[in-house]
Amino acid sequence: MTLKRLCRSTLENISHVARNTYVLTFRSHFLSHGVSAGQFLEIKVPQCSDILWRRPFSIHNIDPENDLVHVLFHAIGRGTTVLSMLEIGEGVEILGPLGNHFHYDEHLEEAIVVAGGLGIAPFMLMKRELRQRDIKMQLFYGVNSSDHFCALDQFADYATLHLSTDDGSRGYHGVVTDMLIPYLENLSENASKSLFVCGPTPMLRTVQTIAQQYNIAAQVSVETIMACGFGACVGCAVPMKHPVPGKKEYYLACKDGPVFHMHEIVFDD
Amino acid sequence: MIDLTVQIGSLTLKNPVMTASGTFGYAEEFSDLVDLNEIGAIVTKTVTPKPRPGNPPRRIVELPCGMLNSIGLPNVGIDDFIVEKIPFLQSIDTHIIINVAGTDEQGFAECVSRLEDMPGISGYELNFSCPNVKHGTTFSTDPFIAERVTKSVRRSTKRPVFAKLTPNVTSISEIGIACENGGADAVSAINTLIGMSVNTKTRKPKLATITGGYSGPAIKPVALAKVFELACKLSIPVIAIGGIATAQDALEFMIAGATAFQVGTTNFYEPDATLTIKKDLEFYCQENNIPRLADLIGSIQL
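Owing to the predicted nature of the structure, the values given are computational and were not obtained by experimental measurement. (Residues numbered from 1 in each chain as written. Chains lettered and ligands numbered in written order. Predicted model: local features only at pLDDT ≥ 70, side-chain atom pairs only at ≥ 80, totals over all residues. Heavy atoms only, no water.)

Examining the overall build of chain A
Let me state the cut-off plainly: Counting from the N terminus, the helices are the DSSP runs of H or I reaching at least four residues and the strands are the DSSP runs of E reaching at least two. For a compact globule the rule gives 2.2 Å times the number of residues to the power 0.38, and the radius of gyration it is set against comes from C-alpha atoms. We call a residue buried when its accessible area falls under 20% of the maximum for its residue type, exposed when it is over 50%, and partly exposed in between, using a 1.4 Å probe and counting protein chains only. Note on contacts: a residue pair is in contact if any heavy atoms of the two residues lie within 4.5 Å. All accessible-area figures derive from a Shrake-Rupley calculation using a 1.4 Å probe, and residue coverage is judged against the displayed protein chains alone. Think of it this way: Lys and Arg go in the positive column, Asp and Glu in the negative one, and His and the chain ends go nowhere. Where a charge sits is defined by one atom per residue type, namely NZ (Lys), CZ (Arg), CG (Asp) or CD (Glu).
Helices and strands together make up the secondary structure of chain A, namely five helices and 16 strands. Taken against the 2.2 N^0.38 rule, which gives 18 Å for 269 residues, the C-alpha radius of gyration of chain A at 18 Å falls within 12% of a compact globule. Looking at the 269 residues of chain A, the share that counts as buried comes to 59%. Sequence separation of at least 24 residues holds for 66% of the intrachain contacts in chain A that already meet a minimum separation of 6. Accessible surface computed for chain A: about 11500 Å², of which carbon and sulfur atoms make up 49%. Here chain A contributes 21 positive and 29 negative side-chain charges, whose respective centroids are spaced 6 Å apart.

A look at the domain arrangement of chain A
All names here are of chain A. Put simply, the rule reads: Each domain's extent is set by a domain assignment, obtained either automatically or from a database. Two parts placed together each lose some accessible area under a 1.4 Å probe, and adding up what both lose gives the buried area. We define a salt bridge as a side-chain nitrogen of Lys or Arg found within 4 Å of a carboxyl oxygen belonging to Asp or Glu. Two N or O atoms count as a polar contact when they lie within 3.5 Å, although within protein this holds only if one can serve as hydrogen donor and the other as acceptor, and sequence-adjacent residues are included solely when both atoms are side-chain atoms.
When its domains are assigned, chain A resolves into domain 1 (5-98) and domain 2 (110-223). Among the residues of domain 1 in contact with domain 2, Arg19, Ala37 and His60 are the three that bury the most area, contributing 37% of the side total. Residue arginine 19 is joined to aspartate 147 by a salt bridge in which the shortest nitrogen-to-oxygen separation is 2.9 Å. One can count four residue pairs in polar contact (both at pLDDT 80 or more) joining domain 1 with domain 2. Looking at the side of domain 1 that touches domain 2, the elements that each hand over two or more residues are β1 (5-18), β5 (61-63) and β6 (68-74).

Notes on the sheet that holds strand β16 (residues 259-261) of chain A
Residue and element names in this part refer to chain A. Operational definition: When DSSP finds two or more bridges between a pair of strands, those strands are recorded as paired. To obtain an axis, a line is fitted to C-alpha atoms, over the contacting stretch when the element is a helix, and the angle between two such axes runs from 0 to 180 degrees between their N-to-C directions.
Strands sit in the order β11-β10-β9-β8-β12-β13-β16 across an open sheet of seven strands; the sheet is mixed. Two strands lie at the open edges of the sheet, namely β11 (172-173) and β16, each paired on one side alone. In this sheet, strand β10 (residues 160-165) lies alongside strand β9 (residues 136-143) in parallel orientation, the contact comprising six bridges. Bridge pairing in β10 places tyrosine 141 opposite leucine 163. In this fold helix α2 (residues 123-133) packs onto β8 (110-116), β9 and β12 (193-198), with an angle of close to 170° to the strand it touches most, β8. Of the strands in this sheet, β8, β12 and β13 (217-221) touch helix α5 (residues 201-213), which is tilted by about 165° from β12.

Brief notes about the pairing of strand β10 (residues 186-189) of chain B
Residue and element names in this part refer to chain B. Formally: Note on handedness: a clockwise path from strand one over the helix to strand two, with the strands aimed away from the viewer, defines a right-handed crossover.
Here β10 shows a buried face lined by Ala186 and Ser188 and a second buried face lined by Val187 and Ala189. Strand direction decides the pairing type here: strand β9 (residues 161-164) and β10, joined by three bridges, are parallel. Each residue of the ladder has a partner; that of phenylalanine 162, found in β10, is alanine 186. Read from β9 through helix α6 (residues 172-182) to β10, the crossover connection turns out right-handed.

Structural notes on the packing of helix α4 (residues 176-185) of chain A against α5(A)
Residues and elements named next belong to chain A. Condition: An angle counts as roughly parallel when it lies under 35 degrees, as roughly antiparallel when it exceeds 145, as roughly perpendicular when it falls between 65 and 115, and as oblique in every other case. Handedness of a crossing is defined here by the sense of rotation of the near helix relative to the far one, left-handed for an anticlockwise turn of less than a right angle and right-handed for a clockwise turn. Under the grouping applied here, Gly and all other residues not named as nonpolar or charged are polar, the nonpolar ones being Ala, Val, Leu, Ile, Met, Phe, Trp, Tyr, Cys and Pro and the charged ones Asp, Glu, Lys and Arg.
α5 packs onto α4 with a crossing angle of 15° between their chain directions and a minimal axis gap of 10 Å. Comparing the axis directions of α4 and α5 gives the class roughly parallel. Here α4 runs over α5; the crossing is right-handed. On α5, the residues that touch Val176, Thr177, Leu180, Ile181 and Leu184 of α4 are Met203, Thr206, Val207 and Ile210. In terms of residue class, the contact of α4 with α5 is made up of seven nonpolar, two polar and no charged.

As for the interface of chain A and chain B
Across the boundary between the two partners, chain A contributes 30 residues, which contact 35 residues of chain B. A combined buried area of about 2700 Å² lies between chain A and chain B, and 62% of that area is made up of carbon and sulfur atoms. Considering only the side of chain A, the residues that lose the most area to chain B are Leu52(A), Trp53(A) and Tyr250(A), jointly responsible for 24% of the buried surface there. One can count six salt bridges joining chain A with chain B. Arg55(A) serves as the salt-bridge partner of Glu62(B), at 2.8 Å between the closest nitrogen and oxygen. Counting across the chain A and chain B interface gives 10 residue pairs in polar contact (both at pLDDT 80 or more).

Some details on empty space enclosed by the protein
All names here are of chain B. As a reminder, the rule being used: Within this scheme a cavity is a closed region of a 1 Å grid, computed over the protein atoms alone, that accommodates a 1.4 Å probe without allowing it to escape, whereas a pocket is open but has protein on both sides within 12 Å along at least five of seven lines; lining residues each have an atom within 4 Å of a point. Grid points are joined across faces, edges and corners, and a volume is the space filled by probe spheres set on the points.
The final tally for this structure, using the stated rule, is one cavity of 30 Å³ or more. Contributing to the lining of the largest cavity are 32 residues, with Ser21, Thr23, Asn69, Asn191 and Thr192 lying nearest its centre. Looking at the lining of the largest cavity residue by residue, the class counts come to 13 nonpolar, 17 polar and two charged.

Below, the structure written as structure tokens:
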């Protein structure tokens, strides 16, 4: 796996792609090569000495030909709001690549991706990898309201889309996991198919149950609070499904993850 | 050529920059970002006699200029530590200080005894002051116990022993003096301040353990006052810890009486901070015609 580095780069572009949602693009030869879907970066919030931790973001996509890296994020707190207001040409300090990545079984023919909200972030890079491997992509993508959807056109050129909104403004009216069950119900066999999941905790819990019920392999990218991103702070503990009591009861999202087999972990609130 | 060396008991450090326990893992985590050989001394994450899984999440909270943690000393235990962590640490060309803790007096001595014959270890730091484990601070809130445990560790090792003190006491120097009387070669101060944060929507504490340890640049003035107090009252060296993020911070502590210092929380978000600080200390000495950094120690003008 590529060693992590501290990189100084400049902001190439920032675009407002959906409600409160931005794609930040910076130039880095190092980070646009040799990274995989699921891995993440940490970006320092500039000009805010009181904001200590770097912000972790999934690598949304890369453009190795042009040395570009994209991250997708919601401007929700002060740190991400400052990042959303960066201007093109400003310096950005990045640490990465961090964490592990999604794996594709050699017999995998179809990736069934389940994304909730900003959980879509790692799957653009996954689309790139699936296309290179000639693996089909089914994208189950749910958001609160249609103005939250990101990059649907870019996904549509390869994936089959199954969209849902909580308010019914586009696609299925309800949660995305409702659409997953009939799809899995109609599959003739599951062996060459796998679930790839990222999203809010209630969705992850539901998918975990569904994956078990339909006996289908599932990998999940988890999101946790972290101070360092590389195993030093030990703050990003994820409870293990099968702990060794008194000895090892937690994984670290940054180092053991962020991608886990879904049956290995417990989704806490 | 600036002389950055400092002396802590029998140890000569090539520079006063150390890493604070629990913020630098077992050094390997930083090996692709920092030339570990350049650091004055590396203090490892705490090891205990038996493995510990650590506290349930949520373990950390970010605050302005600081953070709360309640990690709970997760570690593999001394047996696996020797097999899994020691070989890499031995490969680093600097002083390695193993931070140890126990739930009782014997626990501290047991860890030290197990490590005593291993080459490549320069000394031990006694974690008397973790606020996030049961009985964690007992050892450094009661001077009688602090002295007794220090004595028992002293008997188990020929190597330097540092006692890491909590600021969550009425008089830190009273505990420091007890550790000195027990045979400690230095004290490190301060560990984290007990703190708390509440989610106003759920009305629940943000940390699973309700309270945790507050660290980061916000605590620097508190740490500085404690380090100054210790430096005035003790005759053994004081190793400063608490919000050190820049060479300027480090200089303040050295002028106030610290012989060396540990970079802690800063490692999480500026993983190469140790070496940046070292370089900037060198620049400071050059600019101010200070040939020997150690001359600054305790040079405060009152």
